[in-house]
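The chain contents come next:
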Amino acid sequence: MYKNLAAALAAACFISPAFPQAAAPAKEPLKIGFVYVAPLTDAGWVRQHDDARKAVEAALGDRVKTNYVENVPEGADAERVIRDLASQGHRLIFTPSFGYMEPTLKVAKDFPDVKFESVTGYKTAPNVAVANARYYEGRYLAGVAAGRLASSAGYVAGFAIPEVIQGINAFTLGMRSVNPQASVKVVWLGAWFDPPREREAAMTLFNQGVDVIAFHTGSTAVMAAAQERGKLAIAYHSDMRKVAPDAQLLAVTHQWGDYYTRRARAVLDGSWKSGAVWGGVKDGMIRVDGFGPKVPKKVVDEVLARQKDIAAGKLHPFRARTALLDNEGREVLAAGKTFTDEQILGMNFLVQGVQGKLAKTP
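The structure reproduced in this document is the subject of the present report. Computed from a predicted structure; not experimentally measured.

1. Comments concerning the overall build of the protein chain
Counting secondary structure elements, the protein chain contains eleven helices and 15 strands. Across its three principal directions, the C-alpha atoms of the protein chain cover 100 × 40 × 40 Å. When burial is assessed residue by residue, the protein chain has 52% of its 362 residues classed as buried. Contacts spanning at least 24 positions in sequence make up 65% of the contacts within the protein chain whose residues lie at least 6 apart. Surface exposure of the protein chain reaches about 16800 Å², of which carbon and sulfur atoms provide 53%. Charged side chains in the protein chain number 44 positive and 36 negative. The centres of these two groups are separated by 4 Å.

Here it is in structure tokens:
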């Protein structure tokens, strides 16, 4: 009897709409936050990171939900914004600016279950990973192109941190590898994003007779100035031919989409771990492309060939063919030697050929 009753009840539950099976609860998407140090514009540092945010969405679909806050100054404002994102349920937060490192670490202590990615930072914690790119590889390649077309260059630089110094030195070494007498004049801006002052610095350098200009700031102002003056310029972060169709020599572009997607996927599958990544041309994080109309094909071919050599490990921008000197005449690297990663990360001098001194960092 009990057997028959049980069978009847089972059959009733199967066929009767009065006893539907409970649906599995929908899994909440992973909320990911992004903090941007400057306004989101059509090109530049922030644009590349926002393109990476969109790449995460395209790759992971409804498994993620992303949000961003733009134009956040480094310092107390950054801590407030990062803390707000963590409080609002974002389980993964990207903070791509060097000055966000300390605020990120501070907030991370109070939110141990949130994962943080300090991009361009160097201090880790159990829930804070760091990542950066070998921008100097692209800078060296840009220097090769510049050296083929000019003997003097200008460089508008933000702050005198190792990342910026590496770029200035690599660019100069690239120029002098094909034009040994080439020189580079540096103007320190003391800001990452200040379009009027970026433009003013570029115009000052052009007035001093430079033929091509590079920059390490956040807007397209230097490119626009070059276009206006009929000069050449190296685009940075993004391809900027839209702003400077005639002036752009080439672009050193940053590619963050793959890295960001991998880190988001790691949070989703539970494999995320703190660590440090420093990728370059080989890893697809840095690329030289976007050659302008004034660049001869033989120069394009030469630069692309050297890019392949860097990816293959055959060429290192900081390997000394002859004794490497700083711009005060002191030997900083013996002939045949190569700087270690530790030495590159702590770089605090300007190489021979650079006209200028290191500015004090705030």
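2. What about the layout of surface pockets?
If a probe as big as a water molecule is rolled over the atoms, it shows which places are left empty. For the largest pocket, the calculated volume is near 480 Å³. What lines the largest pocket is a set of 20 residues, among which Leu173, Ser177, Arg321, Thr322 and Leu324 lie closest to the centre. In terms of residue count, helix α6 (residues 162–178) provides more of the lining of the largest pocket than any other element does, three residues in total. Classifying every residue of the lining of the largest pocket by side-chain character gives ten nonpolar, four polar and six charged. The computed volume of the second largest pocket comes to approximately 330 Å³.

3. Some points on the packing of aromatic side chains
Evaluated as defined, the whole model comprises 17 aromatic pairs. On the numbers, 5.0 Å between centres and 15 degrees between planes, the contact of Phe34 with Phe94 is stacked. Taken together, the residues span a long stretch of sequence, with Phe34 in strand β1 (residues 30–35) and Phe94 in strand β3 (residues 92–96) at a distance of 60 residues. The pair formed by Phe34 and Phe94 is uniform in burial state, with each residue classed as buried. An aromatic cluster is present here, built from Phe34, Tyr36, Tyr68, Phe94, Trp256, Tyr259 and Tyr260 joined pairwise through their rings. A cation over a ring is seen here: Arg139 above Tyr236, with NZ or CZ 3.4 Å from the ring centre.

4. Looking at the nonpolar core
Formed by 122 residues in total, the largest nonpolar core has its most connected members in Phe116, Phe171, Leu250 and Trp256. Apart from residues lying up to four places away in sequence, Phe116 is in contact with Ile82, Ala86, Ile93, Thr104, Val107, Ala108, Phe111, Asn127, Val128, Ala129 and Trp272.

5. Some points on the sheet that holds strand β12 (residues 286–289)
Read from one edge to the other, the open sheet built from seven strands follows the order β12-β10-β9-β8-β6-β7-β15, with strand pairing classed as mixed. The open sheet terminates on both sides in strands that have one partner only, identified here as β12 and β15 (354–355). Across six bridges, the pairing between strand β6 (residues 152–157) and strand β7 (residues 183–188) is parallel. Each residue of the ladder has a partner; that of Gly154, found in β7, is Lys185. The strands that helix α5 (residues 135–149) touches are β6, β8 (212–216), β9 (232–237), β10 (248–254) and β12; relative to β10, the one it contacts most, it runs at about 175 degrees.

6. Notes on unusual backbone geometry
Backbone geometry places Asn71, a non-glycine residue, at a positive phi of 55 degrees. Relative to the helices and strands, Asn71 resides in the loop between β2 (64–69) and α3 (76–87). The backbone of Thr120 shows a phi angle near 85 degrees, a positive value even though the residue is not glycine. Note on placement: Thr120 falls in the loop between β4 (115–119) and β5 (128–133).

7. A few points about the packing of helix α2 (residues 45–60) against helix α9 (residues 257–269)
Two measures define how a pair of helices packs: the angle their axes make with one another and the distance between the axes. Axis separation between α2 and α9 bottoms out at 8 Å; the angle between their running directions is 50 degrees. Considering the angle they form, α2 stands oblique to α9. Two packed elements cross with a definite hand, and for α2 against α9 that hand is right-handed. Contacts from His49, Ala52, Arg53, Ala55, Val56, Ala59 and Leu60 of α2 reach α9 at Gly257, Tyr260, Thr261, Ala264, Arg265 and Leu268.

8. What about the pairing of β8?
Where burial is concerned, most of β8 is hidden: five out of the five residues are buried. Residues of β8 alternate between two faces, with Val212, Ala214 and His216 on one and Ile213 and Phe215 on the opposite face, all of them buried. Relative to β8, β6 runs parallel, the two sharing five bridges. For Ala153, the partnering residue across the bridge sits in β8 and is Val212. Summarising the sheet, β8 and β9 pair through two bridges and their orientation is parallel. When the bridges of β9 are listed, Ile213 appears paired with Ala233. What joins β8 to β9 is helix α8 (residues 221–229), and the crossover it makes is right-handed.

9. Some thoughts on the pairing of β9
The element β9 is extensively covered by neighbouring structure, given that six of its six residues are classed as buried. Where β9 meets β10, five bridges bridge the pair, whose relative direction is parallel. Paired with Ile234 across the two strands is Leu250, which belongs to β10.

Reading the values: rules and limits
- Residues numbered from 1 in each chain as written.
- Predicted model: local features only at pLDDT ≥ 70, side-chain atom pairs only at ≥ 80, totals over all residues.
- Heavy atoms only, no water.
- Helix = DSSP H or I, 4+ residues; strand = E, 2+ residues; numbered from the N terminus.
- Buried < 20%, exposed > 50% of the residue type's maximum accessible area, 1.4 Å probe, protein only.
- Contact = heavy atoms within 4.5 Å.
- Areas by Shrake-Rupley, 256 points an atom, 1.4 Å probe, with all protein chains shown as cover.
- Lys, Arg positive; Asp, Glu negative; His and termini not counted.
- Charge placed at Lys NZ, Arg CZ, Asp CG, Glu CD.
- 1 Å grid on protein atoms, 1.4 Å probe; cavity = no way out; pocket = protein on both sides within 12 Å on 5 of 7 lines; lining within 4 Å.
- Points joined across faces, edges and corners; volume = space filled by probe spheres on them.
- Nonpolar A, V, L, I, M, F, W, Y, C, P; charged D, E, K, R; others polar.
- Phe/Tyr/Trp six-rings, centres within 6.5 Å; stacked < 30°, edge-to-face > 60°.
- Lys NZ or Arg CZ within 6 Å of the ring centre and 35° of its normal.
- Core = buried A, V, L, I, M, F, W, Y, C linked by side-chain atoms within 4.5 Å.
- Pairing = 2+ DSSP bridges.
- Axes fitted to C-alpha atoms, helices over the stretch in contact; angles between N-to-C directions.
- Parallel < 35°, antiparallel > 145°, perpendicular 65-115°, else oblique.
- Left-handed = near helix turned anticlockwise from the far one by under 90°.
- Right-handed = clockwise from strand over helix to strand, strands pointing away.

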